[in-house]
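Chain and residue survey
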2 protein chains.
Amino acid sequence: MVIMKAEIITIGDEILLGQVVDTNSAWLGQLLDSLNITVHQIVSISDSREAISHALDEAAKRSDFIIVTGGLGPTKDDVTKETIASFFQTTLIRDEQVLSHVKSIFEKFGNGRTMPVMNYGQADVLACSEVLFNDVGTAPGMWVEREGRCFVFLPGVPFEMRFLMEKRVSPKLAAFRSEHSIYHAHVITMGIGESYLAEMIADIEAELPSYIRLAYLPKLGTVRLRLSAVGREAVTLKKETDAFARRIASRTEEYLVAEKDVTIEEAIVEKFTADGIRLAIAESCTGGLLAGSITAVPGASAMFDCGIVAYHNRIKQQVLGVDEEVLKAFGAVSEQTVIQMAEGVKRLGDATYGIATSGIAGPTGGTPEKPVGTVWIAVAGPSETVTQLFHFRNDRHVNIERSMAQALNMLWKLYKKDKGK
Amino acid sequence: MVIMKAEIITIGDEILLGQVVDTNSAWLGQLLDSLNITVHQIVSISDSREAISHALDEAAKRSDFIIVTGGLGPTKDDVTKETIASFFQTTLIRDEQVLSHVKSIFEKFGNGRTMPVMNYGQADVLACSEVLFNDVGTAPGMWVEREGRCFVFLPGVPFEMRFLMEKRVSPKLAAFRSEHSIYHAHVITMGIGESYLAEMIADIEAELPSYIRLAYLPKLGTVRLRLSAVGREAVTLKKETDAFARRIASRTEEYLVAEKDVTIEEAIVEKFTADGIRLAIAESCTGGLLAGSITAVPGASAMFDCGIVAYHNRIKQQVLGVDEEVLKAFGAVSEQTVIQMAEGVKRLGDATYGIATSGIAGPTGGTPEKPVGTVWIAVAGPSETVTQLFHFRNDRHVNIERSMAQALNMLWKLYKKDKGK
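None of the values given here were measured: they were computed from a predicted structure.

Another point: the overall build of chain A. Check the secondary structure of chain A and you find 15 helices and 17 strands. Counting only C-alpha atoms, chain A reaches 75 × 65 × 40 Å along its principal axes. Burial statistics for chain A: of 421 residues in total, 58% are counted as buried. Long-range pairs, those at least 24 residues apart, make up 68% of the contacts in chain A between residues at least 6 apart in sequence. Charge centroids of chain A, computed over 44 positive and 53 negative side chains, lie 2 Å from each other.

Right, let's get into the pattern of salt bridges. Residue and element names in this part refer to chain B. According to the stated counting rule, one finds 38 salt bridges over all chains in the structure shown. For Arg62, the salt bridge is made with Glu7, and the minimal N-O distance between the two is 2.8 Å. Here the residue Arg62 occupies a position in helix α3 (residues 49-62), and Glu7 occupies one in strand β1 (residues 5-11), the gap between them amounting to 55 residues. Judged by relative accessible area, which is 24%, Arg62 ranks as partly exposed.

So, on to the pairing of strand β3 (residues 65-69) of chain A. Residue and element names in this part refer to chain A. Counting buried positions along β3 yields five of five residues, so the element is predominantly enclosed. Along β3, one buried face is formed by Phe65, Ile67 and Thr69 and the opposite face, lined by Ile66 and Val68, is buried too. Strand direction decides the pairing type here: β3 and strand β8 (residues 149-154), joined by five bridges, are parallel. From the neighbouring strand, Phe65 faces β8, where its bridge partner is Cys150.

With that settled, consider the packing of aromatic side chains. Any two aromatic rings considered together are summarised by their centre-to-centre distance and by the angle between their planes. Evaluation of the coordinates by the stated rule reveals 22 aromatic pairs over all chains. On the basis of an interplanar angle of 40° and a centroid distance of 5.6 Å, the ring pair of Phe272 of chain B and Tyr353 of chain B is categorised as tilted. Of the two residues, Phe272 of chain B is situated in helix α10 (residues 264-275) and Tyr353 of chain B in strand β15 (residues 353-359); the sequence distance between them amounts to 81 residues. Members of the aromatic cluster, joined through ring pairs, are Phe87, Phe88, Phe151 and Phe153 of chain A. A cation sits over an aromatic face here: Lys172 of chain A above Trp143 of chain A, 4.7 Å from the ring centre.

We now examine the interface of chain B and chain A. In this complex, chain B contributes 96 residues to the contact, which on the side of chain A involves 97 residues. Of the roughly 7,200 Å² buried between chain B and chain A, counting both surfaces, carbon and sulfur atoms make up 56%. On inspection of chain B and its partner chain A, the count reaches four salt bridges. In this assembly, chain B and chain A are joined by 36 residue pairs in polar contact (both at pLDDT 80 or more). Classifying every residue of the side of chain B that touches chain A gives 42 nonpolar, 30 polar and 24 charged. Bridge count between strand β2 (residues 38-45) of chain A and strand β2 (residues 38-45) of chain B: five bridges; the pairing is antiparallel. Across the sheet, residue Ser44 of chain A finds its bridge partner in β2 of chain B, namely Ile42 of chain B.

For the rest of this paragraph, the subject is the side chain of Glu205 of chain A. All names here are of chain A. Inspection of the secondary structure assignment puts Glu205 in helix α8 (residues 202-207). On the basis of relative accessible area, Glu205 is assigned to the buried category, the value being 13%. A polar contact is formed between the side chain of Glu205 and the side chain of Tyr216, at a distance of 2.8 Å.

Turning our eyes to something else, we now look at the domain arrangement of chain A. Residue and element names in this part refer to chain A. Along its sequence, chain A is carved into domain 1 (5-176), domain 2 (181-258) and domain 3 (264-420). Between domain 2 and domain 3, roughly 720 Å² of surface is buried when both sides are summed, and carbon and sulfur atoms account for 64% of that area. For the pair domain 2 and domain 3, the number of links is zero salt bridges. Our count for the contact surface shared by domain 2 and domain 3 stands at three residue pairs in polar contact (both at pLDDT 80 or more). Its residues assigned to classes, the side of domain 2 that touches domain 3 shows five nonpolar, one polar and two charged.

What follows concerns the packing of helix α2 (residues 24-34) of chain B against helix α6 (residues 158-173) of chain B. Residue and element names in this part refer to chain B. Two elements in contact, α2 and α6, have axes separated by 11 Å at closest approach and are oriented at 20°. Taken together, the axes of α2 and α6 are roughly parallel relative to one another. Judged by the twist between their axes, the crossing of α2 over α6 is right-handed. For the pair formed by α2 and α6, the contact residues are Asn24, Trp27, Leu28, Leu31 and Leu32 on the first element and Pro158, Met161, Arg162, Met165, Glu166, Ser170 and Leu173 on the second. Its residues placed into classes, the contact of α2 with α6 shows eight nonpolar, two polar and two charged.

Another aspect to go through is the relation of the copies chain B and chain A. Take chain B, turn it by 180°, move it 0.0 Å along the axis, and it overlays chain A with an RMSD of 0.1 Å. Such a combination of turn and shift is consistent with a two-fold rotation axis. Taken as a fraction of all interface residues of chain B, those also at the interface in chain A reach 100%, which identifies the copy contact as same-surface.

In terms of burial, strand β14 (residues 304-310) of chain B is largely enclosed, as seven of its seven residues are buried. As paired elements, strand β14 (residues 304-310) of chain A and β14 of chain B share five bridges and run antiparallel to each other. In the strand pairing of β14 of chain B, Gly307 of chain A is matched with Val309 of chain B. Here five bridges tie strand β13 (residues 279-283) of chain B to β14 of chain B, and the two strands are oriented parallel to one another. Pairing of Ile281 of chain B across the sheet is with Gly307 of chain B, part of β14 of chain B. Assessed by its sense of winding, the connection that carries the chain from β13 of chain B through helix α11 (residues 289-295) of chain B to β14 of chain B is right-handed.

This paragraph deals with unusual backbone geometry. Going from Gly362 of chain A to Pro363 of chain A, the amide bond is cis rather than trans, its omega being 0°. Notably, Asp350 of chain A is not glycine yet its phi reads approximately 50°, a positive angle. By secondary structure assignment, the location of Asp350 of chain A is in the loop between α14 (335-348) and β15 (353-359). The backbone of Gln89 of chain B shows a phi angle near 50°, a positive value even though the residue is not glycine.

Take the sheet that holds β14 of chain B next. The mixed open sheet is built from ten strands, whose spatial order is β17(A)-β16(A)-β15(A)-β13(A)-β14(A)-β14(B)-β13(B)-β15(B)-β16(B)-β17(B). Of all the strands in the sheet, just β17 (385-391) of chain A together with β17 (385-391) of chain B have a single pairing partner and so form its edges. Within the sheet, the average angular offset between the axes of one strand and its neighbour, ignoring direction, is 10°. Of the strands in this sheet, β13, β14, β15, β16 (374-380) and β17 of chain B touch helix α14 (residues 335-348) of chain B, which is tilted by about 145° from β15 of chain B. In the packing of helix α15 (residues 396-420) of chain B onto the sheet, the strands contacted are β13, β15, β16 and β17 of chain B, and the crossing angle to β16 of chain B comes to about 25°.

Turning our eyes to something else, we now look at the nonpolar core. Counting residues in hydrophobic clusters, the biggest one holds 82 residues, and the most contacted among them are Ile294 of chain A together with Ile294 of chain B. With near-sequence residues (within four places) excluded, Ile294 of chain B lies in contact with Glu265, Ile268, Val269, Leu279, Ile281, Ala300, Met303, Phe304 and Leu408 of chain B.

Further remarks concern the sheet that holds strand β11 (residues 222-231) of chain B. All names here are of chain B. A sheet is described by the order of its strands in space; here four strands give the open sequence β10-β11-β9-β12, paired in antiparallel fashion. The open sheet has two edge strands with one neighbour each: β10 (212-219) and β12 (256-258). Across the sheet, the mean angle separating the axes of adjacent strands is 30° when strand polarity is ignored. Here eight bridges tie β10 to β11, and the two strands are oriented antiparallel to one another. Its bridge partner being in β11, Pro218 is matched across the sheet by Val223.

If you check α14 of chain B, its first and last C-alpha atoms are 20 Å apart, about what 14 residues at 1.5 Å a residue would give, namely 20 Å. Once α14 of chain B finishes, Asp350 of chain B follows within two positions and takes phi at roughly 50°, a positive value.

In this section: the side chain of Glu283 of chain B. Residue and element names in this part refer to chain B. The residue Glu283 is located in strand β13 in this model. Despite being buried, Glu283 has no salt bridge partner; Arg396 is the closest side chain of opposite charge, sitting 11 Å away. Setting aside chain neighbours within four positions, we find Glu283 in contact with Gly288, Leu289, Leu290, Ala291, Ile308, Val309, Ala310, Met341 and Thr357.

Here the focus is the environment of Cys306 of chain A. Within the fold, Cys306 of chain A resides in strand β14. Between the C-alpha atoms of Cys306 of chain A and Leu279 of chain A, which are 27 residues apart in sequence, the distance is 7.8 Å.

What counts, and at which threshold
Position numbers for residues count from 1 along each chain, tracking the sequence in the order it is written. Think of it this way: whatever chain is written first is A, whatever ligand is written first is 1, and the rest follow in order. It should be noted that, the model being predicted, local features are given only for residues of pLDDT at least 70 and side-chain atom pairs only at 80 or more, the latter also being counted only at that level, while totals for whole chains, interfaces and linings use all residues. As a convention, hydrogens and water are excluded, and side-chain values are obtained from all of the structure's heavy atoms. Only DSSP runs of H or I with at least four residues qualify as helices, and only runs of E with at least two residues qualify as strands; both kinds are numbered from the N terminus onward. Exposure classes here rest on a 1.4 Å probe applied to the protein chains alone. A residue is buried below 20% of its type maximum, exposed above 50%, and partly exposed in between. Contacts are residue-level and defined by heavy atoms, with any inter-residue pair within 4.5 Å sufficient. Charged residues are defined here as Lys and Arg on the positive side and Asp and Glu on the negative side; His and the ends of the chain fall outside this count. For this purpose, a charge sits on NZ of Lys, CZ of Arg, CG of Asp or CD of Glu. Whenever Lys or Arg places a side-chain nitrogen within 4 Å of a carboxyl oxygen from Asp or Glu, that contact is recorded as a salt bridge. Any two strands with at least two DSSP-identified bridges between them are counted as paired. Any two of the Phe, Tyr and Trp rings considered here, Trp counted by its six-membered ring, make a pair once their centres fall within 6.5 Å; the pair's planes then place it as stacked at under 30 degrees, edge-to-face at over 60, or tilted in between. Both a distance and an angle decide whether a charge sits over a ring: NZ of Lys or CZ of Arg must be within 6 Å of the ring centre and within 35 degrees of the ring normal. Each of two parts loses accessible area, computed with a 1.4 Å probe, when they are put together; buried area is these two losses added. Polar contacts here mean pairs of N or O atoms no more than 3.5 Å apart (in protein, one a potential hydrogen donor and the other a potential acceptor; neighbouring residues in sequence count only if both atoms are side-chain atoms). Just so you know the grouping, Ala, Val, Leu, Ile, Met, Phe, Trp, Tyr, Cys and Pro go in nonpolar, Asp, Glu, Lys and Arg go in charged, and all remaining residues, Gly too, go in polar. An automatic or database domain assignment supplies the residue ranges for each domain. Angles shown run from 0 to 180 degrees and are taken between the N-to-C directions of axes, each axis being a line fitted to C-alpha atoms and, for helices, limited to the stretch in contact. The scheme is simple: roughly parallel for angles under 35 degrees, roughly antiparallel for over 145, roughly perpendicular for 65 to 115, oblique for anything else. Handedness of each helix crossing follows the sense of rotation of the near helix against the far helix: counterclockwise by less than a right angle gives left-handed, clockwise gives right-handed. Fitting of the copies onto one another was done by least squares over C-alpha atoms, counting residues only where both copies have pLDDT of at least 70. Seen with the strands pointing away from the viewer, any crossover whose path from the first strand over the helix to the second strand runs clockwise is right-handed. We define a nonpolar core as any set of buried Ala, Val, Leu, Ile, Met, Phe, Trp, Tyr and Cys residues linked to one another through side-chain atoms lying within 4.5 Å. Expected span of a helix, by definition, is 1.5 Å for each gap between consecutive residues, and there is one gap fewer than residues.

Right, here's the structure in full:
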């Protein structure tokens, strides 16, 4: 069986109401892409009988592989399983292995309370399905093959869904590879706008054959260039696509972050670890999220020792060694203060580079002189400390995000400059 | 015009490939819900001519209000505008006001470089549309009314999309309210599973009339209960729904976080500020993200002064005052260490409560005695320090998330206990 088209259906009013962000679909999209399966649509629907039936009908018309997530919890607002059963004209049967697993989970975590009756229903599965046993939760997944199509039903809890995809579904999918190869090459840039980049590489782009497509994916100071190639000869395809990627990377050298699909945080952790250099971070307006973005990368402990969230001036003085006179004369949001914060945290963490952010994230705290969105950032390196002033003037969340992106951009530029010496 | 059904279409291969998470739709879902407009479907499609045409055709059949985001950037991978023009059987015309705005942005941020030619296309709009002027970016939005339906086209960059929705689209939408009222009431709980909660309030749920629906929205230790009511009499509807919410809140008092739709972080910032108490945070495995989750809440600076990311033992000793002997005898991931971290950061920040996390987030760093996922958490309060050991055994990202959720849960429980004294 050749699978060409996949589709993801996520069930749940909470997604339509915007009460949760659908991160499952992005994770599934990446996994399926790595298995050479193309997702051509993601649809989020209400957990009503009508919406579920309609989505399954539509999906069966146009897709070969359909992944449905959500709607498998124990409470009454889930009608998914019954609706699916009537879609397949089958019944629900109780699976004894799943039932004893559900019971054992409640014995372990129930603090001696009896398992609620509604949880028996967790062990009910489609009679026509192969059960995907869920080691990490109570709701099992189900795999159904029907008229040449595969349907997979998974719980919506992200780590349960991921467990089932990785351990149960992926091995089964390995058998369904397409006869066409899909190959992606990436060039990651920072500090240059999408359209300047496009101008800079226009001649290379014009040379691309019809089966290699270039996409610009801008996000907060970073532009990710993705070359997507489709063809029958995997080896040639890779070689040819990589050659174009190399030419683009060489042309954009000044702004280059990496020649593979990594985030700027991942690039920093990788390069700093390889070079044996360390980073320390002092934060005011970014409130811990800048350190968090670095420490979220596996292996970050090899290049990161110390982060200080210094909201209060007393902490800036006591922990980072900022002069009381500087704070009095120039204020917490000033070039003089961020310089001392960056140099102070670099010293404290015995690091090669120290970053500091101080600004007014909003929505309150702004003044006519320093309105909301005013942010000073400093990076202290081995031979110099660089600073920059920004005026973002967005909401708190965006001001914090942009401060983080600019801080990492400044760090990366100084690191490349030092490295080039 | 009465708008009953809305639909969101997001355009972009990067969403299908999972390279970006679609946060726009959740934001739009919340905004539309607050305007009494029901989103019944969210669909993500490829930025190809065929997919865009098909999605517009389908949406026009079933929805009254259609929001399309993405596909309006300047580079060649965007075919959206041409496809939309043929869908409406109209042409693209150059808007002079938009063009001079685009030019002025390039003059301001272009560092003296000439504006790339392709950016002229940013000023091309549908001849049949009302232009939604974009103060914060180069791509304008467009509003089209056709056969009793509204179509809105917006750029995919989140803060540009938000600006246009808030400043341009919402005011126009105010005219299109439904004659039915929709009302939501919320009860937020923490520390009790979905099914136990359902058992606990089964009798109240059984009394709900058909026009009030109860949904369970579980997420990492929190369960959000949402009562959704639909009817003609807004005042009565609110009163009746609020009364059910009050009964549920009263029944679940022990686990109650709030009787409105807030996150646990928002509840903590609000209550601590009101009570004039302060929080300080020392983090190892959560790496700054716990402090970041608190400081991301507007107004957090009123109750938060200080966060320490102490990855290296030297920082634990030097900044937090953890004993060298304790680290040697029990290790960084131990009850003794987190107690000293929590009490140390509480002292340093002159706070009422201090939280500390120390664990092995993974994927490496585990030992047979302390495998990946082993996490100790301590909360030091005014009269006692509580600790708890967790074994998460998931991936780095999930281990960090669950540590954060448990730390906030422990803080909330201790705060409620102290408050009850």
